[in-house]
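Read off the chains here:
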Amino acid sequence: MTKILSVQNLSKKYDHRDGIVCALDDVSLSIEKGSFVSITGPSGSGKTTLLLTLSGLIRPSSGKILFKEKDLSTASDKELAAFRKENVGFVMQNFSLIPYMTAIQNVMIPLGLNGYSSAQKQALSSAVLELVGLENRLSHYPRELSAGQQQRVAIARALVNKPSVVFADEPTGNLDPSLSSEILAFMQKINKELSITILMVTHSPQAANYGSVKINLVDGKIDSQT
């Protein structure tokens with residue numbers, strides 16, 4: 001298997017009025033291409049900080065992040081933005097859809113800076129909405145969609161740029177158990193059929209079981225990895 005992400009002695013510290021907070025403490029791990037990694041741990045354990053650091057949205061205080069051997073920890077802001085545009089998709093707990101845009105318009109957003117024509121954007125977005133089973137909902141606004149359908153639109157938006165890695169932060173946190181299982185099974189299908197690496201933060205043991213690799217964080221450190 002090929003490593004897609006490698007983390008060496010990663011730490012992230014924040015200044016707080018009560019003193020220094022160590023959100024990540026000397027974390028080292030390797031993630032293989034095509035794996036589905038679930039990251040669990042109690043509140044405040046550093047799960048979301050790890051996700052945001054690995055995706056290049058926040059910078060570590062120390063340590064290295066290697067993406068396909070490229071050192072992200074020394075990259076410029078411009079290089080990190082290019083890295084995210086070319087390689088990364090995001091799925092968030094609250095769906096983060098723009099309410100006054102239709103499903104297809106929401107999915108087209110990541111294509112805006114990639115030089116595609118309007119017809120190409122329409123075609124790519126239609127295809128990925130069909131992939132998530134929403135080919136009959138292209139012109140629907142978020143308010144006209146169920147919570148599960150909204151999260152499928154969010155997943156389609158994450159996939160439209162054909163990313164190497166999808167970062168998902170509590171993707172089923174706003175869904176009931178049956179919808180959660182549906183979305184997680186769908187993410188698992190994407191992971192296997194498209195070989196897209198997924199890193200998912202979750203507080204749910206049931207959701208974590210969908211991962212092929214399970215990492216548990218405690219106090220900013222890796223407590224276990226299976």
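The coordinates are above.
Residues numbered from 1 in each chain as written. Predicted model: local features only at pLDDT ≥ 70, side-chain atom pairs only at ≥ 80, totals over all residues. Heavy atoms only, no water.

**Considering the sheet that holds strand E9 (residues 213–218)**
Next up, step 1: An order of E6-E7-E8-E3-E9-E10 is seen for the six strands of this open sheet, with the pairing classed as mixed. The outermost strands of the open sheet, each flanked by one partner alone, are strand E6 (88–92) and strand E10 (221–225). Neighbouring strand axes in the sheet, compared pairwise and without regard to direction, differ in orientation by 20 degrees on average.
Next up, step 2: Inspection of the sheet shows strand E3 (residues 36–40) paired to E9 by four bridges, in the parallel sense. If you follow Ser38 over to E9, its bridge partner there is Lys214.
Next up, step 3: Along the sheet, helix H5 (residues 147–159) makes contact with E6 and strand E7 (165–169), crossing E6 at roughly 165 degrees.
Next up, step 4: In the packing of helix H6 (residues 177–194) onto the sheet, contacts are made with E3, E7 and strand E8 (197–201), and the angle to E8 comes to roughly 150 degrees. (Pairing = 2+ DSSP bridges. Helix = DSSP H or I, 4+ residues; strand = E, 2+ residues; numbered from the N terminus. Axes fitted to C-alpha atoms, helices over the stretch in contact; angles between N-to-C directions. Contact = heavy atoms within 4.5 Å.)

**Looking at the sheet that holds strand E5 (residues 70–71)**
Next up, step 1: Taken in spatial order, the four strands make up an open sheet running E2-E1-E4-E5, and their pairing is antiparallel. The strands lining the two open edges of the sheet, one partner per strand, are strand E2 (19–32) and E5.

**So, the environment of Phe95**
Next up, step 1: Mapped onto the elements of the fold, Phe95 is located in the loop between E6 and helix H3 (103–108).
Next up, step 2: When neighbours within four sequence positions are excluded, Phe95 is seen to be in contact with Ala147, Gln150, Gln151, Ala154, Arg157, Asn174 and Leu175.

**Considering the pattern of salt bridges**
Should the charged atoms of two oppositely charged side chains come close, the side chains can pair.
Next up, step 1: Considering all chains together, one arrives at three salt bridges under this definition.
Next up, step 2: The salt bridge involving Lys221 is made with Asp25; its shortest N-O contact spans 3.3 Å. Residue Lys221 is found in strand E10, and its partner Asp25 is found in strand E2; the two are separated by 196 residues along the sequence.
Next up, step 3: A residue is classified by how much of its surface remains accessible, and Lys221, at 41% relative accessible area, is partly exposed. (Salt bridge = Lys/Arg side-chain N within 4 Å of Asp/Glu carboxyl O. Buried < 20%, exposed > 50% of the residue type's maximum accessible area, 1.4 Å probe, protein only.)

**Overview of the pairing of E10**
The side chains of a regular strand alternate, first on one face of the sheet and then on the other.
Next up, step 1: Relative to E10, E9 runs antiparallel, the two sharing four bridges. Each bridged residue has a counterpart across the sheet, and for Ile215 the counterpart in E10 is Gln225.
Next up, step 2: If you look at the hairpin formed by E9 and E10, you'll find two residues sitting between the two strands, and Asp219 has a positive phi there, around 50 degrees.

**Structural notes on the packing of helix H4 (residues 118–131) against H5**
Next up, step 1: Running from N to C, H4 and H5 cross one another at 130 degrees; their axes reach a closest spacing of 9 Å. With respect to each other, H4 and H5 are oriented oblique. Crossing of H4 over H5 shows right-handed handedness. Contacts between H4 and H5 involve Val128, Leu129 and Leu131 on the former and, on the latter, Val153, Ala156 and Leu159.
Next up, step 2: Grouping the constituent residues of the contact of H4 with H5 by class yields six nonpolar, no polar and no charged. (Parallel < 35°, antiparallel > 145°, perpendicular 65-115°, else oblique. Left-handed = near helix turned anticlockwise from the far one by under 90°. Nonpolar A, V, L, I, M, F, W, Y, C, P; charged D, E, K, R; others polar.)

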